[in-house]
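# Descriptive structure summary
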Amino acid sequence: MSRPSNFPPPFSPRDYVAEPTDPADERIEVGVLIVGAGPAGLACAIRLGQLLEEHPDVAERLGDVPVAVLEKGKQPGSHLLSGAVVDPRALRRLFGDGFRIEDLPNFGPVPGESVYVLTRRASLPIPPPPPMRNHGNWIFSLSQLGRFLAERAEEGGSMILPETAAQKLLVSHGRVVGVRTGDKGRSREGGELGNFEAGSDVVAKVTVLAEGTQGHLTGVALDRFGLRGEDPQVWELGVKEVWKVARPLDRIIHTLGWPLRPGKRYREFGGSFIYPMGEDMVTIGLVVGLDYRDASLSVHDLLQELKTHPKIRRILAGGERAQWGAKTIPSGGFHALPSPLHAPGLLLCGDGAGMVNIPRLKGVHYAIESGRLAAEAAFRALQRGETPATALASYDDAVRDSFIWNDLYEVRNMRQVFGHGFFVGGALASAMTISKGRVELGKLPAEPDADQPLLVTGRDSGYPAPDGKLTFDKLSSVFASGNKTRDDQPNHIRIERRVPREVAELWAHMCPAQVYEVGAEDADGTVLVELAPSNCVQCGAITAKGGRLTPPEGGSGPEYTLT
Ligand SMILES: Cc1cc2nc3c(=O)[nH]c(=O)nc-3n(C[C@H](O)[C@H](O)[C@H](O)COP(=O)(O)OP(=O)(O)OC[C@H]3O[C@@H](n4cnc5c(N)ncnc54)[C@H](O)[C@@H]3O)c2cc1C
Ligand code: SF4
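What you are looking at is a predicted structure, and each value in this text was computed from that prediction instead of being measured.

Moving on to the sheet that holds strand β24 (residues 526-531). The pairing of strands in a sheet happens through backbone hydrogen bonds and is either parallel or antiparallel. The three strands lie next to each other as β22-β24-β23, forming an open sheet whose pairing is antiparallel. Two strands in the sheet have a free side with no partner beyond their single neighbour: β22 (498-500) and β23 (516-521). Sheet twist, expressed as the average angle between the axes of neighbouring strands with direction ignored, equals 50 degrees. Pairing analysis gives four bridges linking β23 to β24, with the strands arranged antiparallel. Counterpart to V518 in the pairing with β24 is V529. Together, β22, β23 and β24 form the strand contacts of helix α14 (residues 501-510), whose direction differs from that of β22 by roughly 100 degrees.

Below is the structure:
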């Protein structure tokens, strides 16, 4: 059977590493450059603002723009999507004395919780397993939280540049010296249109990559500096919808089981989350490990199926879908963390570095904490007026001493045990959780998602037909993401275009945004994969399953406001 990794994309990380090319007087010079206005990047910017306010001498040395944040979305928050039930401890540390979580845009503390194991028609309540206990956590829209954090970062003196994709890593004499931003206004063939704007070299003393899941330059940096962790990184794909509902939901709900299949041969690991967003909205999402094997599995369509379950249909009855989105989540955990987390002139944080606790489905607080620690490490180096190769090593020490390291160590094999199927995996995962990671399972093997051999089971014939009320097709979902990618820009998705049918089908089913279609078959039995790149919501799944996402023109992609 085919494996997607047998058909690698035409992509070389080397093409995305360059020396600065703009003349020295035309380069944009900043002190610290942060790539990505997510919780990690914005926490880093906010903390730098605090430190530079306390040390104006250091701020002065950093020039007119001490801190800049690049964001490829239309505005901060446009590309942010999460559950988002947030553990508030990192926010408390970031904002310090006088911090009141009530002052942030939020939907209140978790009011209560239930966990169900679903079958097609029934639901069995189970006591929430320890990782699913959320007492003390708060419900947010990450997109809204991102906009709030961006305002705080700007108040603290950071310059935020939205609609700006970081395309290349600038490396000079073995040290990261900034990034080159992407061109705008190119035609599909790459020619310059009337509104063409060339990208720029943005040079910095320290560059912090906070790109989130499937970070483009993070991947490039891992290869360039040999930072890959012990295990390959693996991912989950989360597809979610926000609904306006007729009746408030009084608790958060997680479900396990149906519509995923328990058999070991399918490798279907995941579950759903249903969270209230105030009195009149609910978010519902399904997360599935991308190490699944069935080429006809579509997380988008499984979420549609999930909504037809009697229990869930009741929650949504009388309501209407307000927004839709999709994103991957790194799930390799502790053993897949980059090592080290820095390179000369460079720091990695948040999801880009894989800092997610998968059994808890939580990464926002690790993103914020790692962003804060990255700011402190960058500041320490800048205060000493130096950025030699080892100056940023204190970041690794700080992460090792933090709750991020401790938490991820405790659940270090959690993702791998589900390769044994739902029941055995669940039992092993519980043992690890109860013992706080002291149950020693040894180091379990991990394989890249794209190495899984494919099965074809025809399960797509069972997906519900879209009715436009409860269940939707992929194109109406893309519309509900607010995606406004320009149709005639260059293709930003790198895949092998001629592949065996099952690989093409895998991509067509997997992509929640209907970017791929199975085209004409050749005499040798391979098929052509047709592409509609402007549908892409930049979820990152293609990078996990054998292709490579690169950032399209800045300002492209979804415009999330509630996710
Ligand atoms: C479906 C789902 C449910 C989740 N549920 C929860 C939950 O309930 N609780 C929880 O704590 N965590 C949850 N998580 C995980 C959480 O959302 C992430 O851990 C968190 O968002 C990571 O923050 P980050 O800043 O590292 O990355 P992101 O939030 O992904 O932000 C990265 C930002 O960088 C920008 N960017 C990326 N590359 C570039 C580039 N090259 N140039 C310019 N800009 C760039 C992106 O556009 C984005 O705005 C969930 C994730 C998903 C997908
Ligand atoms: S094409 Fe875009 S939306 Fe589709 S899987 Fe790839 S990254 Fe996700």
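Most of strand β10 (residues 175-181) sits out of view: six of its seven residues are buried. Between strand β9 (residues 166-172) and β10, which pair antiparallel one after the other, the connecting turn spans two residues, and H173 there sits at a positive phi close to 50 degrees. Judged from the three bridges that link them, β10 and strand β13 (residues 201-209) form a sheet pairing that is antiparallel. Bridge pairing in β13 links V179 to V202.

Right, let's get into the nonpolar core. Membership of the largest hydrophobic core comes to 87 residues, with the highest contact counts inside it found for I34, F140, V208, L347, M355 and Y395. For this core, the element with the most residues is helix α8 (residues 364-383), which contributes 12 residues. Sequence-distant contacts of Y395, that is, excluding residues within four places in its chain, are made with L341, L347, L348, C349, M355, S370, L373, A374 and A377. Counting residues in hydrophobic clusters, the runner-up holds 61 residues, among them W258, L290, L454 and F472.

Let us look at the packing of α8 against helix α10 (residues 403-410). Pairs of packed helices are described in terms of their axes, by the angle between the two and the distance that separates them. It is the contact of α8 with α10, at a shortest axis distance of 10 Å, that shows an interaxial angle of 145 degrees. Between α8, through H365, Y366, E369 and S370, and α10, the contact on the second element is made entirely by F403, I404, D407 and L408. Of the residues that constitute the contact of α8 with α10, the class distribution is four nonpolar, two polar and two charged.

Right, let's get into helix α5 (residues 216-224). Of all the nine residues making up α5, seven are buried; the element is thus mostly covered by neighbouring parts of the structure. Those residues of α5 that are buried lie in contact with β1 (17-18), β9, β10, β13, β20 (346-348) and β25 (548-549). Phi turns positive one or two residues past the end of α5, at G226, with a value near 60 degrees.

Most of strand β15 (residues 252-257) sits inside the fold, with six of its six residues counted as buried. In this sheet, β15 lies alongside strand β5 (residues 113-118) in parallel orientation, the contact comprising six bridges. Counterpart to S114 in the pairing with β15 is I253. Pairing of β15 with strand β16 (residues 270-277) involves three bridges; the strand directions are antiparallel. Looking at β16, one finds that T255 is bridged to S272.

Read from one edge to the other, the open sheet built from seven strands follows the order β6-β5-β15-β16-β17-β14-β18, with strand pairing classed as mixed. Each edge of the sheet is formed by a strand with only one pairing partner; in this case those strands are β6 (123-126) and β18 (320-330). With direction set aside, neighbouring strand axes in the sheet form an average angle of 20 degrees. Of the strand pairs in this sheet, β5 and β6 are connected by four bridges, and their pairing is antiparallel. Pairing of V117 across the sheet is with L124, part of β6.

Criteria and thresholds
- Residues numbered from 1 in each chain as written.
- Chains lettered and ligands numbered in written order.
- Predicted model: local features only at pLDDT ≥ 70, side-chain atom pairs only at ≥ 80, totals over all residues.
- Heavy atoms only, no water.
- Pairing = 2+ DSSP bridges.
- Helix = DSSP H or I, 4+ residues; strand = E, 2+ residues; numbered from the N terminus.
- Axes fitted to C-alpha atoms, helices over the stretch in contact; angles between N-to-C directions.
- Contact = heavy atoms within 4.5 Å.
- Buried < 20%, exposed > 50% of the residue type's maximum accessible area, 1.4 Å probe, protein only.
- Core = buried A, V, L, I, M, F, W, Y, C linked by side-chain atoms within 4.5 Å.
- Nonpolar A, V, L, I, M, F, W, Y, C, P; charged D, E, K, R; others polar.

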